[in-house]
Amino acid sequence: MAVVVRPPGITGRPSRRGRRATRSGQLPAEPEDGPPFVVSLTDTLIDALARASQGDLVRCAEQWSTTDELRQIGIRVEATTDVLAALAGLAQRAQTSDQRLYCWWAL
């Protein structure tokens, strides 16, 4: 299992501020219920993904692919670029339909 935090630099805000942003990391369910967990993505992250140019995505993907977690399992920049492009498309569709994005994971 690999746990990876948001790509560095996508919002242009330090990670510390991102954690204090509206709905950052809120659990829609009770933690006592156990896994799987669902965490809301911030409006700031959704907006940044929806507005990101291809160049922005590639720059963030390059940084993301150099994190220890991804280097250890051999994830390369091409894969992180593809993931960010897919997330950007999802963010654009969510904004168009006035929807929110959530992250689901299980341990």
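Everything that follows concerns the structure shown earlier in this document.
Rules behind the numbers
- Residues numbered from 1 in each chain as written.
- Predicted model: local features only at pLDDT ≥ 70, side-chain atom pairs only at ≥ 80, totals over all residues.
- Heavy atoms only, no water.
- Helix = DSSP H or I, 4+ residues; strand = E, 2+ residues; numbered from the N terminus.
- Areas by Shrake-Rupley, 256 points an atom, 1.4 Å probe, with all protein chains shown as cover.
- Salt bridge = Lys/Arg side-chain N within 4 Å of Asp/Glu carboxyl O.
- Buried < 20%, exposed > 50% of the residue type's maximum accessible area, 1.4 Å probe, protein only.

Draft legend 1. Here's a closer look at the overall build of the protein chain. When you go through the protein chain residue by residue, the secondary structure sums to five helices and two strands. Starting at the N terminus and ending at the C terminus, the protein chain contains elements arranged as α-β-α-α-α-α-β. By element, 53% of the accessible surface of the protein chain is carried by carbon and sulfur atoms, the whole surface being about 7200 Å².

Draft legend 2. Seen up close, the pattern of salt bridges. Throughout the structure, instances matching the rule amount to four salt bridges. In this structure, Arg-100 and Asp-43 form a salt bridge, with 2.9 Å as the shortest nitrogen-oxygen distance. Pair noted here: Arg-100 is in the loop between helix 5 (77-96) and strand 2 (102-105) and Asp-43 is in helix 2 (residues 43-51), with a separation of 57 residues, a long-range link. With a relative accessible area of 44%, Arg-100 lands in the partly exposed category. Of the charged contacts, one joins Arg-76 and Glu-78 as a salt bridge, the two residues approaching to 3.7 Å between their closest N and O atoms.

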